[in-house]
Amino acid sequence: MKHTFIILFCWLIGCVVVAQKVKFVKEEDGVSYHRMEGERGNGDTIIVDFRPGCYCYNYNVEQESDKVLKIRGTSDLIPLFLTCENCTQIVSFSQTSRWNSKCISEIVLTAPLSEKQINITMTKKGKLYTTLKVMLYPKVNFFLKINEEMIKMPFGGIPSFRKEDTLRIVAVAEDGTELKIDSHAIVLGNSMGDYVWHFGDVIPENWKEYLLEWRGTARIVARFLDDDGFMWSRYTDF
C-alpha cells in the first residue's frame, strides 16, 4: 500500500504546471523526495500552483492548523496530512472540480525572506510518505541593454533599437543582484512553448528582425541555473 501511494503521489506531483518544474531528488527508506520551483510573491508570500486535474481527491480538504492541511478519508478511510514544515503558515488553498474529483489547484504560503526552500510533507498515521521540496526564486526585473544603455522593459513591448545595435538581456533580482542567464528565447505573439533557445544573454543577429517586427507583442523568456544545477525560468511581464 505504501509503495502504491508513493507511485501515485509522484505521478500527481509530475502534473504540476510547466512553470513549476519538478525534479526527482532521491528515494530513501521508501520515501520519495522531489523538488519543484515555487514563485515568491510580494514580500513573504509564496504561491505553489498546480495544473487543474492533478493532485485530486474525492474527499474534502480542510485546514487543520496554520501549517497543516487535512485530506479527509482515503481508500482506507484514514486521513492524510499535508504539512508545510518550515513556512510561517499556510494562508489559503484553492480547490477546483474536475472529473468528479476535488483538486487542489493552489497553495498560498508565507515564509521569511531568508528561506530558499520550503519542505512540504505528506504523512499518514504520523508516518512520512513523501517530501516535496519547493525551491524559492525571486521576482525578476528585465532590462534590455542596447549597446551600453540599460532600458527597463516596460509593459507594452520591446524598446526600439537599430539592427546594428548589440542587444543583451539583463535580469535583476529584487535585491539588486544580476542573475546569470543560461539561455533565452523570443516569444512571438501567442506562441505556446515551441521556442528556439539561444545560449547566453546576447540576442542573435537574425532574431533582431523578429523583435523589430513583433516589438509590440514579443516577450522574452530567460532560463537560469541555481548552484545545484536546477533550471528555472521567468518571462518578461508584457
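Above this text you will find the structure in question.
Conventions used here
Residues numbered from 1 in each chain as written. Predicted model: local features only at pLDDT ≥ 70, side-chain atom pairs only at ≥ 80, totals over all residues. Heavy atoms only, no water. Helix = DSSP H or I, 4+ residues; strand = E, 2+ residues; numbered from the N terminus. Buried < 20%, exposed > 50% of the residue type's maximum accessible area, 1.4 Å probe, protein only. Contact = heavy atoms within 4.5 Å. Salt bridge = Lys/Arg side-chain N within 4 Å of Asp/Glu carboxyl O. Pairing = 2+ DSSP bridges. Lys, Arg positive; Asp, Glu negative; His and termini not counted. Disulfide = S-S within 2.5 Å.

Let us now look at the side chain of Thr121. Relative to the helices and strands, Thr121 resides in strand S10 (residues 117–124). Looking at Thr121, the relative accessible area reads 5%, which means it is buried. Leaving out residues up to four positions away in the same chain, Thr121 has contacts with Phe81, Leu82, Thr83, Glu85, Leu128, Thr130 and Thr131.

What follows covers the pattern of salt bridges. Under the counting rule described, the total for this entry stands at six salt bridges. The salt bridge involving Asp165 is made with Arg162; its shortest N-O contact spans 3.0 Å. Salt-bridge contacts for Asp201 lead to Arg168; the nearest nitrogen and oxygen are separated by 2.8 Å. On the criterion of sequence distance, the pair formed by Asp201 in the loop between strand S17 (197–199) and helix H2 (205–213) and Arg168 in strand S14 (residues 167–173) is long-range, its members being 33 residues apart. Under the relative-accessibility criterion, Arg168 is labelled partly exposed at 24%.

Once that is clear, we can look at the pairing of S10. Every other side chain in a regular strand lies on the same face of the sheet, so the side chains alternate between the two faces. Among the eight residues in S10, seven count as buried, and that is most of the element. Where strand S7 (residues 80–84) meets S10, four bridges bridge the pair, whose relative direction is antiparallel. Counterpart to Thr83 in the pairing with S10 is Thr121. Pairing analysis gives eight bridges linking S10 to strand S11 (residues 127–137), with the strands arranged antiparallel. Across the sheet, the residue bridging to Thr121 is Thr131, located in S11. Hairpin remark: S10 followed by S11, antiparallel, with two residues in the connecting loop; positive phi at Lys125, about 55°.

As a further point, take the side chain of Lys133. Along the chain, Lys133 falls in strand S11. With no salt bridge to any partner, buried Lys133 finds its closest opposite charge in Glu85, at an N-O distance of 7.3 Å. Look past the residues within four positions of Lys133 in its chain and what remains in contact with it is Tyr33, His34, Arg35, Met36, Gln117, Ile118 and Asn119.

Another point: the state of the cysteines. By the definition in use, this model includes one disulfide. Put simply, Cys84 and Cys87 are joined by a disulfide, and their sulfur atoms are 2.1 Å apart. For the pair formed by Cys84 and Cys87, the shared burial category is buried.

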